[in-house]
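If you want the building blocks of each chain, they are given just below.
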Amino acid sequence: MQKSKLNDRKTKENVYKSILENEIMYFKNARESKELSYLKYATARLKNITGLDYKDSQTWINWWDKNKDDLVLSKDGTVLVVN
C-alpha cells in the first residue's frame, strides 16, 4: 500500500472497521473465543481501535450490533468513535 494511502483518513477508518468486524464475527461464530488467551488478545486490539475497555466478548458484540453503522474515525485520527 502506498504511504499516502496509509495517511488517508477514510482508508484508516475502513481498515479499523474491517478489523473490528473481523474480531466481532469471530466472537459471534466461535464461542470458544472466550478462552482467556484469545479474549485478551482480541480485546486489546479492539481497545486500541476504539478506546473502549470491555472485558467480555458478548459486551463487544452488543456494542458492535448497536453502533456499527455509526462509527467514524475520531477527529485526532486515533480511534473509531460513535458519530
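Residues numbered from 1 in each chain as written. Predicted model: local features only at pLDDT ≥ 70, side-chain atom pairs only at ≥ 80, totals over all residues. Heavy atoms only, no water.

**Digging into the overall build of the protein chain**
Counting its secondary structure elements, the protein chain contains four helices and two strands. Taking as baseline every contact in the protein chain between residues at least 6 positions apart, the subset at least 24 positions apart corresponds to 50%. Entry remark: accessible area of the protein chain is about 5,500 Å², with carbon and sulfur atoms responsible for 50%. (Helix = DSSP H or I, 4+ residues; strand = E, 2+ residues; numbered from the N terminus. Contact = heavy atoms within 4.5 Å. Areas by Shrake-Rupley, 256 points an atom, 1.4 Å probe, with all protein chains shown as cover.)

**Structural notes on the environment of Val81**
For Val81, the location among the structural elements is in strand β2 (residues 80-82). Residues Val81 and Gly51, 30 residues apart in the sequence, show an inter-C-alpha distance of 8.3 Å.

**So, the packing of helix α2 (residues 9-29) against helix α4 (residues 57-67)**
Running from N to C, α2 and α4 cross one another at 130 degrees; their axes reach a closest spacing of 10 Å. Considered as vectors, α2 and α4 are oriented oblique to each other. Here α2 and α4 pass one another in a crossing that is left-handed. In contact with Lys17, Leu20, Glu21, Ile24, Met25, Phe27 and Lys28 of α2, α4 contributes Ser57, Trp60, Ile61, Trp63, Trp64 and Asp65. (Axes fitted to C-alpha atoms, helices over the stretch in contact; angles between N-to-C directions. Parallel < 35°, antiparallel > 145°, perpendicular 65-115°, else oblique. Left-handed = near helix turned anticlockwise from the far one by under 90°.)

**Remarks on the confidence of the model for the protein chain**
Close reading of the predicted structure is inappropriate where its pLDDT is low. Averaged over all residues, the pLDDT of the protein chain equals 86, while 82% of them reach at least 70. Mean pLDDT per element in the protein chain: helix α1 (residues 3-6) is the minimum at 57, and β2 is the maximum at 97. (pLDDT = per-residue confidence, 0-100.)

**Section: the nonpolar core**
Core analysis: the largest hydrophobic core is formed by 15 residues, its most contacted members being Leu20, Ile24, Phe27 and Leu80. Elements that contribute at least two residues to this core include exactly α2, α3 (36-50), α4 and β1 (71-73). Discounting chain neighbours no more than four positions away, the residues touching Leu80 are Glu13, Tyr16, Lys17, Leu20, Ile49, Thr50, Leu71, Val72 and Leu73. (Core = buried A, V, L, I, M, F, W, Y, C linked by side-chain atoms within 4.5 Å. Buried < 20%, exposed > 50% of the residue type's maximum accessible area, 1.4 Å probe, protein only.)

**Some details on the side chain of Glu13**
Locating Glu13 in the fold gives a position in helix α2. Aside from chain neighbours lying at most four places away, what touches Glu13 is Leu71, Val72, Leu73 and Leu80.

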